[in-house]
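Coordinate inspection notes
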Amino acid sequence: MKVFVTGGAGYIGSHTLVRLLAAGHDVCVFDNYANSSPVALARARQLTNREVVAVEGDIRDSDALAQSLADFAPDAVVHFAGLKAVGESNDIPLLYYQTNVTGTMNLLAAMDAAGCRRIVFSSSATVYGEAQYLPFDEEHPIAPTNPYGRTKAMAEGVIRDWATATPDASAVLLRYFNPVGAHESGRIGEDPQDTPNNLMPFVAQVAVGRRARLSIFGDDYDTRDGTGERDYIHVVDLAAAHLAALEYSARATGCEAINVGTGQGITVKELVAAYEAACGRPIAAEIAPRRPGDVASSYAATAKAERLLGWQAALDVDDMCRSSWKWQSENPQGYDATTGAGA
Ligand code: NAD
Ligand code: WQD
């Protein structure tokens, strides 16, 4: 199958790329490297011994996007490209709407022009907002609490309307919970450009000595140990979910939103303990005030993914921490310190 992957050099995109290539699919990556490095693509080639077409381009540039898509003539699209920092989205909302919403509209128009009717979209559990009940199932009301979440909810709506209006279209909206971990080779992984916003990359940078200590945002939540509880999903399991979604999109039409998580909540303290076991060193941490906007608990109902995609998570929190540590310890500065493509 020919698959056009926007944002394929990024964290989740590069892991999915490896999986696609290993399964024998032909892939074109379209990425402007705003938050990624072409070195990730070189390493995906090395890991799989397969070629990848790579186009440097911006999804806001509708002409360039349409041209690339028409040239490649894909059977399906996986749409990762976007901006994802919740805090930043409060400061520069228009850039988030232009990239995440207009970029998605440009992509759908380009697909129409090229006759491509299958899309798998990177959505987020953040579209649910405050939990009215747990676990979050796909029927939970959509009420995002920040601009980033609203762009994802809006993009979902645009894709759903497109799928309704387009004969034989198939769209899968994957709502990721908290993706973490890295490829078992340690060659690709998460490489935040500035201070990490998320827990796991922050812990990894403390473990490797890039940061002095972790601030645990609150220990007075109504959870087992008072710290926030999340559904961490191994990025390699998440990559497998994309392949399952692509297969599903070949046999079903319409639009489905599907959670991608393990269904299990892990607290901050539990994750730190698992990371200490994986890296064999203590993680310095202090209790800090709650982070505004954080909820106590979030975890997924996973039955729909099992029913429609035949997919469920196979890797546990120890696998997540071990693989993260292998990546972080073997690439302490991420892709930055790499000299030359493919190094
Ligand atoms: P990432 O930043 O590593 O990957 C996004 C990729 O898109 C990067 O390679 C970036 O360079 C590219 N990109 C950004 N703007 C672009 C533009 N205008 N044109 C072309 N390419 C552009 O992030 P990720 O963690 O791999 O996330 C991938 C997708 O999954 C995003 O849409 C994100 O919102 C979504 N998501 C991520 C998480 C998470 O916690 N990582 C959770 C839920 C959903
Ligand atoms: C996890 C837990 C924090 C950092 C975010 C986005 C969401 C989605 C995934 C894209 C919480 C605690 C964190 C730190 C801490 N992204 N924490 N110290 O907030 O569940 O979700 O990423 O779609 O949209 O909102 O993930 O990793 O930031 O936090 O104590 O330095 O770790 O309070 O309990 P979150 P996170």
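See the structure above.
None of these values were measured; they are calculated from a predicted model.

A separate point is the overall build of the chain. When you go through the chain residue by residue, the secondary structure sums to 11 helices and 13 strands. Since a compact globule built from 343 residues should have a radius of gyration of about 20 Å, the 19 Å found for the chain is in line with a globular shape. With the C-alpha coordinates of the chain rotated into their principal frame, the extents come out at 55 × 50 × 40 Å. Out of the 343 residues in the chain, the part that is buried amounts to 55%. If you take every contact in the chain between residues at least 6 apart in sequence, the share linking residues at least 24 apart comes to 80%. By element, 47% of the accessible surface of the chain is carried by carbon and sulfur atoms, the whole surface being about 14200 Å². When the 28 positive and 42 negative side-chain charges of the chain are each reduced to one mean point, those points stand 2 Å apart.

A word on the site of ligand 2. Within the structure, ligand 2 sits among 18 residues, and Ser124, Tyr148, Ser215, Arg230 and Asp294 are positioned closest to it. In the environment of ligand 2, an oxygen atom lies 3.0 Å from a nitrogen or oxygen atom belonging to the side chain of asparagine 178. One nitrogen or oxygen atom from the side chain of arginine 230 is found 2.5 Å from an oxygen atom belonging to ligand 2. Calculation on ligand 2 without its partners gives an accessible area of 690 Å², and the protein chains cover 87% of this total. Top contributing element to the shell around ligand 2 by residue count: strand β8 (residues 214-217), with four residues. Here the shell around ligand 2 is built from residues that sort into eight nonpolar, seven polar and three charged.

Moving on to the site of ligand 1. Every one of the 27 residues lining ligand 1 counts as a neighbour, but Asp31, Asn35, Ser36, Phe80 and Tyr148 are closest to it. Within the contact set of ligand 1, an oxygen atom lies 2.6 Å away from a side-chain nitrogen or oxygen of aspartate 31. With respect to ligand 1, the backbone of phenylalanine 80 contributes an N or O atom lying 2.8 Å from an oxygen atom. Relative to its free-state accessible area of 820 Å², ligand 1 is covered by the protein chains to the extent of 95%. By residue number, the principal contributor to the shell around ligand 1 is strand β5 (residues 118-124), which donates three residues. Of the residues in the shell around ligand 1, the class split is 11 nonpolar, 11 polar and five charged.

On to the state of the cysteines. Inspection of the entire model under this criterion finds zero disulfides. There is no disulfide at cysteine 28, and the cysteine sulfur nearest it, in cysteine 116, is 12 Å away. Looking at the unpaired cysteine 279, the closest cysteine sulfur is the one in cysteine 321, lying at 8.7 Å.

This part is about helix α7 (residues 199-207). Counting buried positions along α7 gives nine out of nine residues, so the element sits mostly inside the fold. Every buried residue of α7 is accounted for by Leu199, Met200, Pro201, Phe202, Val203, Ala204, Gln205, Val206 and Ala207. Those residues of α7 that are buried are in contact with β7 (178-180), β8, β10 (232-234), α9 (268-279) and α11 (317-330). With its phi angle positive at about 95 degrees, glycine 209 sits one or two positions after the end of α7.

Before going further, it helps to spend a moment on the environment of threonine 302. Among the secondary structure elements, threonine 302 is positioned in the loop between β13 (285-288) and α10 (303-309). Between the C-alpha atom of threonine 302 and that of lysine 2, which follows or precedes it by 300 residues, the distance is 29 Å. Residues in contact with threonine 302, not counting those within four places in the same chain, are Gly261, Thr262 and Gly263.

On to unusual backbone geometry. Each neighbour pair has its own omega, and for leucine 134 with proline 135 the value is -5 degrees, a cis peptide bond. When you line up the elements, proline 135 lands in the loop between β5 and α6 (147-165). Non-glycine residue alanine 73 carries a positive phi angle of around 50 degrees. Among the secondary structure elements, alanine 73 is positioned in the loop between α3 (62-72) and β4 (76-79). Note on alanine 73: relative accessible area 41%, which makes it partly exposed. At aspartate 168, a position not held by glycine, the phi torsion is positive, near 65 degrees. By the element assignment, aspartate 168 lies in the loop between α6 and β6 (170-176).

In this section: the sheet that holds β5. Overall, parallel pairing links the seven strands, which are arranged β3-β2-β1-β4-β5-β6-β11 in an open sheet. Of all strands in the sheet, those with a lone pairing partner are β3 (53-56) and β11 (254-260), marking the two edges. Neighbouring strand axes in the sheet, compared pairwise and without regard to direction, differ in orientation by 20 degrees on average. As judged from the four bridges shared by strand β2 (residues 26-31) and β3, these two strands associate in the parallel manner.

As a further point, take the packing of aromatic side chains. One pass over the structure, following the stated rule, counts five aromatic pairs. Ring geometry for tyrosine 128 versus phenylalanine 136: centroids 4.9 Å apart, planes at 10 degrees, classification stacked. Given the relative accessible area of 0%, tyrosine 128 is considered buried. On the accessibility criterion, phenylalanine 136 (3% relative accessible area) is buried. Summarising the aromatic geometry, the rings of tyrosine 275 and tryptophan 325 are spaced 6.4 Å apart at their centres and angled 80 degrees between planes, so their arrangement reads as edge-to-face. Here tryptophan 325 lies in helix α11 and tyrosine 275 lies in helix α9, a separation of 50 residues in the sequence. Like tryptophan 325, tyrosine 275 is buried. One aromatic cluster is present, built from ring pairs that chain together Tyr128, Phe136 and Phe177. For the cation-ring pair, lysine 2 lies above phenylalanine 72, with the distance from its terminal atom to the ring centre recorded as 5.0 Å.

Cut-offs used in this document
Residues numbered from 1 in each chain as written. Chains lettered and ligands numbered in written order. Predicted model: local features only at pLDDT ≥ 70, side-chain atom pairs only at ≥ 80, totals over all residues. Heavy atoms only, no water. Helix = DSSP H or I, 4+ residues; strand = E, 2+ residues; numbered from the N terminus. Rg over C-alpha atoms; globule rule 2.2 N^0.38 Å. Buried < 20%, exposed > 50% of the residue type's maximum accessible area, 1.4 Å probe, protein only. Contact = heavy atoms within 4.5 Å. Areas by Shrake-Rupley, 256 points an atom, 1.4 Å probe, with all protein chains shown as cover. Lys, Arg positive; Asp, Glu negative; His and termini not counted. Charge placed at Lys NZ, Arg CZ, Asp CG, Glu CD. Near = heavy atom within 4 Å. Polar contact = N/O pair within 3.5 Å; in protein donor to acceptor, adjacent residues only side chain to side chain. Nonpolar A, V, L, I, M, F, W, Y, C, P; charged D, E, K, R; others polar. Disulfide = S-S within 2.5 Å. Pairing = 2+ DSSP bridges. Axes fitted to C-alpha atoms, helices over the stretch in contact; angles between N-to-C directions. Phe/Tyr/Trp six-rings, centres within 6.5 Å; stacked < 30°, edge-to-face > 60°. Lys NZ or Arg CZ within 6 Å of the ring centre and 35° of its normal.

Note that all results are geometric; they support no functional claim without further evidence.
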